[in-house]
Amino acid sequence: MTAPGILPEVLDGAAVGIFGILLSAAFCPIRWTGKKRWALAGCTAGLLALQGMFYFGASPTAAKYLYPLITHLPLYVVLVLLSGQKVWPLVAVLTAYLCCQVRRWAALAVALFFPQHPLVQPVAELLFTLPLLLLFIRFLAPPMRQLSRYPASVQCQFGIVPLVSYLFDYITHVYTSLLSEANPAAVEFMFFVCCAAFLCSILRASRVERQRIQMEQLQTSLNLQVTQAMREIEVLRLSQQRASTYRHDLRHHMQFLAGCIENGRTEQVLGYIRSVCSEIEAGKVTAYCENEAANLIFSAFADRAAKAGVQFTVQAGISQALPVSESDLCVLLSNALENALHAAVRCREAGQGAFIETTGHEKGKKLFLQITNSCLPDVQFREGVPVTDRTGHGLGVRSICAISERYGGLTSFAAKDGQFTLRVML
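In this text the structure is predicted, and so the values were computed from the model without any measurement.

**Q** So what exactly am I meant to see when it comes to the sheet that holds strand β1 (residues 311–316) here?
**A** Here we have five strands laid out as an open sheet, ordered β1-β2-β3-β7-β6, and mixed in their pairing. Of all the strands in the sheet, just β1 and β6 (410–416) have a single pairing partner and so form its edges. On average, each strand axis in the sheet is tilted by 10° relative to the strand beside it, whichever way the strands run. Of the strand pairs in this sheet, β6 and strand β7 (residues 419–425) are connected by seven bridges, and their pairing is antiparallel. Pairing of Ser 412 across the sheet is with Arg 423, part of β7. Across the sheet, helix α11 (residues 326–349) is in contact with β1, β2 (355–363), β3 (366–374) and β7; its angle to β3 comes to roughly 15°.

Structure, rendered in structure tokens:
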């Protein structure tokens, strides 16, 4: 080959080498210091010199065959030393090799317009090298470095397609002529790889979506737990304030009662005592069952229902020791009663009867709950679960179902004749 014919090939080899080395380093999470920059510069010069020795000392074919050993393997070792990682530098080198295909295809697109000039493609590849390198470093390198923080198993998944592409190129194009000979297996192989990668990405996306939904449900459950805890704290705070007020006013009560007794006003004393007892009774938490957390929930919603003009009844045999955690019980009851109260208030506003009835019992280490409330006939179901298009609603039902699934329980929803019924078995 004459010197003018060798020059474009040599320049292209040097450009490809610099492109791949710098891009591979940019893909790795390396804390760059002056020493590491000099190390990368020395690595680049050394690898280019090694390629030149094989190209001119042996033959271009030998340099081409040994390229993975004289370039990619040493580059991987250097990147391992610079980054401190083992898996990701390999993914970075393979991905940078895959990015070289963009440079080649861009040059081929230009060469289509000048088929009579054989030097158009190599010259175009040289001209595209620097702009593409800067674009990849600017836009592709940051997300690649973020992926390096994932576990090694995830990093390997990202490296499968670049690895297969790398092996396919060397097996069918460098070491053999299967691709140029239009071997059917070689021609169809990359289509198969793309199809397999697409199907795997669908499965992975589906799994990630399920995990995201579970995390959202967990986050919603935690938020509801915090909200319910704040409500319980507020109830206790009000009870404490009332008790403090009664203690503070006890002396005045006693003085008033003593004065009434001294003056013989017995009826006034009895009336005063009854009024004080009524205030104390109104402020206490009603004992609907043995479970203290459930009593707090029932008492809070009984007070809200009374203020809203909704009839509220509870018949619950719920013990203190349950197969369900106290936080999950609070979230479940709060969501169910919150939804029931909203539906009953809507019925009352529509001029219809408004009620909430709660029953519960334990049997065979299982907790059974049923909450029935009045509802309007516009309840919609999807796959047996009530749904709504109102913003901010529907999370409670999802939390109830999530808690039920967590304990391997059952949940059912039904609406008939103006009544909505929720049944839960945990």
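Alright, that's what it looks like, and here's the rest.
**Q** What am I meant to see in the packing of helix α10 (residues 292–308) against α11 here?
**A** To describe two helices that pack against each other, one gives the angle between their axes and the distance between the axes. Contact geometry of α10 with α11 gives a least axis separation of 10 Å together with a crossing angle of 15°. When the axes of α10 and α11 are compared, the pair comes out roughly parallel. The handedness of the crossing between α10 and α11 is right-handed. Between α10, through Ala 293, Ala 294, Ile 297, Phe 298, Phe 301, Arg 304, Ala 305 and Ala 308, and α11, the contact on the second element is made entirely by Glu 326, Leu 329, Cys 330, Leu 333, Ser 334, Leu 337, Glu 338, Leu 341, Val 345 and Arg 348. When its residues are assigned to classes, the contact of α10 with α11 shows 13 nonpolar, one polar and four charged.

**Q** It is not clear to me how a nonpolar patch on the surface should be interpreted in this structure. Could you clarify?
**A** A surface patch of nonpolar side chains, about 680 Å² in accessible area, is lined by Tyr 65, Leu 66, Leu 69, Leu 73, Val 77, Leu 81 and Tyr 175. No other element matches the four residues that helix α4 (residues 67–83) contributes to the nonpolar patch. Its place among the elements puts Leu 81 in helix α4. Residue Leu 81 is classed as exposed on the basis of its relative accessible area of 69%.

**Q** Explanation requested: the packing of aromatic side chains in the structure shown.
**A** Each aromatic ring pair is characterised by the separation of its centres together with the angle its planes make. Counting across every chain of the model gives ten aromatic pairs. Judged by centre distance (5.6 Å) and plane angle (65°), the ring pair of Tyr 65 and Tyr 175 falls under edge-to-face. Placement of the pair is Tyr 65 in helix α3 (residues 60–65) and Tyr 175 in the loop between α7 (152–174) and α8 (184–262), with a sequence separation of 110 residues. In this structure Tyr 175 comes out as partly exposed when scored by relative accessible area, which is 41%. Considering the side-chain rings of Tyr 166 and Tyr 170, the 4.9 Å spacing of their centres and the 40° angle between planes classify their relative orientation as tilted.

**Q** Looking at this structure, how should I read the pattern of salt bridges?
**A** Pairing between side chains becomes possible if they bear opposite charge and their charged atoms approach one another. Overall, the coordinates contain six salt bridges when judged by the stated rule. Residues Glu 125 and Arg 103 are paired through a salt bridge, measuring 3.5 Å at the closest nitrogen-oxygen approach. Taken together, the residues span a long stretch of sequence, with Glu 125 in helix α6 (residues 120–147) and Arg 103 in helix α5 (residues 88–111) at a distance of 22 residues. Note on Glu 125: relative accessible area 9%, which makes it buried.

Parameters and conventions
Residues numbered from 1 in each chain as written. Predicted model: local features only at pLDDT ≥ 70, side-chain atom pairs only at ≥ 80, totals over all residues. Heavy atoms only, no water. Pairing = 2+ DSSP bridges. Helix = DSSP H or I, 4+ residues; strand = E, 2+ residues; numbered from the N terminus. Axes fitted to C-alpha atoms, helices over the stretch in contact; angles between N-to-C directions. Contact = heavy atoms within 4.5 Å. Parallel < 35°, antiparallel > 145°, perpendicular 65-115°, else oblique. Left-handed = near helix turned anticlockwise from the far one by under 90°. Nonpolar A, V, L, I, M, F, W, Y, C, P; charged D, E, K, R; others polar. Patch = residues over 30% accessible without salt bridge, like charges linked within 9 Å, V, L, I, M, F, W, Y side chains within 5 Å. Areas by Shrake-Rupley, 256 points an atom, 1.4 Å probe, with all protein chains shown as cover. Salt bridge = Lys/Arg side-chain N within 4 Å of Asp/Glu carboxyl O. Buried < 20%, exposed > 50% of the residue type's maximum accessible area, 1.4 Å probe, protein only. Phe/Tyr/Trp six-rings, centres within 6.5 Å; stacked < 30°, edge-to-face > 60°.

Bear in mind that shape data such as this cannot, by itself, settle questions of function.
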